[in-house]
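# Structural overview
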Amino acid sequence: MSMRALGLAVALLAAAAAPAQAKVQNLYHPGKETFFAFVDSPVAAHAQPKASARTVGRLKTRTGDKTDELVLVLASTTDQQDRTWYQVRLPIRPNGTKGWVPADALSEPQPLDTWLKINTSAFTVTLIKKGKKVFSARAGVGQPQWATPKGQFYIRSKLTGYGAAGSFYGPVAFGTSATSDTLTDWPGGGYVGVHGTNEPGLIPGRISHGCVRLKNADIVGLSKLVPVGTPVTIS
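A brief look at the structure comes next. All values reported here derive from a predicted model rather than from experimental measurement.

### Things to note about the overall build of the chain
- For the chain, the helix and strand inventory stands at two helices and 18 strands.
- Residues classed as buried in the chain amount to 47% of the 235 residues present.
- Put simply, 60% of the contacts in the chain that link residues at least 6 apart link residues at least 24 apart.

### Remarks on the environment of A47
- Within the secondary structure, A47 is located in the loop between β3 (43-46) and β4 (55-59).
- Take A47: its relative accessible area is 33%, and that puts it in the partly exposed class.
- The sequence separation of A47 and G99 amounts to 52 residues, and the corresponding C-alpha distance is 5.4 Å.

### What to know about unusual backbone geometry
- Note the cis peptide between R93 and P94, where omega equals -5°.
- As for its position among the elements, P94 is in the loop between β6 (84-89) and β7 (98-102).
- The omega angle of the peptide bond from I203 to P204 is 0°, so this bond is cis rather than trans.
- Phi is positive for D82, which is not a glycine, with a value near 65°.
- Its location among the elements puts D82 in the loop between β5 (70-78) and β6.

### Re helix α2 (residues 216-223)
- Regarding α2, the residues found buried are I219, L222 and S223. The arc that holds every buried residue of α2, seen down its axis, measures 100°, which confines them to one face.
- Here the buried face of α2 lies against β9 (114-119), β10 (124-129), β11 (132-138), β13 (151-160), β14 (172-179) and β15 (191-195).

### With respect to the pattern of salt bridges
- By the definition in use, this model includes four salt bridges.
- Between D113 and K129 there is a salt bridge; the shortest N-O distance is 2.9 Å. With D113 in the loop between β8 (110-112) and β9 and K129 in strand β10, the pair connects residues that are 16 residues apart, well separated along the chain.
- The class of K129 is partly exposed, set by a relative accessible area of 33%.

### Brief notes about the packing of aromatic side chains
- Applying the stated criterion across every chain yields a total of two aromatic pairs.
- Plain terms: the ring middles of F36 and F38 are 5.4 Å apart, the flat faces sit at 80° to each other, and that makes the pair edge-to-face.
- We classify F38 as partly exposed; its relative accessible area is 24%.
- A centroid spacing of 5.1 Å and a plane angle of 90° characterise the contact between F168 and Y169, whose relative ring orientation is edge-to-face.
- A residue is classified by how much of its surface remains accessible, and F168, at 40% relative accessible area, is partly exposed.
- Assessed through its relative accessible area of 38%, Y169 is described here as partly exposed.
- Lying across the ring of Y28, R89 places its NZ or CZ 5.8 Å from the centre.

### Concerning the side chain of D79
- Of note, D79 is situated in the loop between β5 and β6.
- Despite its burial, D79 remains without a salt bridge, the nearest opposite charge being carried by R83 at 5.3 Å.
- Within polar-contact distance, the side chain of D79 engages the backbone nitrogen of R83 at 2.8 Å.
- Beyond its immediate stretch of four places on either side in the chain, D79 contacts P49 and W85.

### Some words on the pairing of β9
- Alignment of β9 against β10, held across six bridges, turns out to be antiparallel. Among the inter-strand pairings, L116 is bridged to a residue of β10, identified as L127.
- Between β9 and β10, which pair antiparallel and follow one another directly, the connecting turn spans four residues, one of which, F123, has a positive phi of 60°.
- The pairing of β9 with strand β18 (residues 231-234) spans three bridges and is classified as parallel. If you follow K117 over to β18, its bridge partner there is T233.

Analysis parameters
- Residues numbered from 1 in each chain as written.
- Predicted model: local features only at pLDDT ≥ 70, side-chain atom pairs only at ≥ 80, totals over all residues.
- Heavy atoms only, no water.
- Helix = DSSP H or I, 4+ residues; strand = E, 2+ residues; numbered from the N terminus.
- Buried < 20%, exposed > 50% of the residue type's maximum accessible area, 1.4 Å probe, protein only.
- Contact = heavy atoms within 4.5 Å.
- Arc of directions from axis to C-beta.
- Salt bridge = Lys/Arg side-chain N within 4 Å of Asp/Glu carboxyl O.
- Phe/Tyr/Trp six-rings, centres within 6.5 Å; stacked < 30°, edge-to-face > 60°.
- Lys NZ or Arg CZ within 6 Å of the ring centre and 35° of its normal.
- Lys, Arg positive; Asp, Glu negative; His and termini not counted.
- Polar contact = N/O pair within 3.5 Å; in protein donor to acceptor, adjacent residues only side chain to side chain.
- Pairing = 2+ DSSP bridges.

Structure below.
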């Protein structure tokens, strides 16, 4: 056998002996099918699906609003010990951070078919469900010095009980995983909300510190259609 043929044979044997690379399954199809999961136990998120990989963030079981913490599930894979890992979108700074967490730290992923799209140039909020637009309303967004951050996020919590007349937040507020790029010292960490208003005459426009404001009738209507975990795109 020639040296070249011997080298090729050795390479083929080494490839056959190496562990197979686990496939990554994409679970993110906004407006058609996505998944979210609650955080069942505190856990570190890693840059790769293995415990020895660099830690990119940490998850707790409760949010600053005292609701159950949840994450948007983007993909899944298994490691060499046949342990399932989920890649999730993290509600931390900087915006857009993703990480891998072991499946046993999360609840069973729950499917959704909704997608909330916020256009900060057109001042619109649109809800897509099963690939079709089912809701649209005009909105107020952040002023230039406190711009509403752009990117991919999700609905992290739903807060009610603001129904008193003249409430600044209106009757319903959604907490998102988005954080302000400028108001980093705000209580709770500067998370961006989608909520009602006591000044509907200012809508549409650039009127807020980064949150997205809807007229109260619109936020009530939206609240009947949007479950927590819904992916959010801000453009």
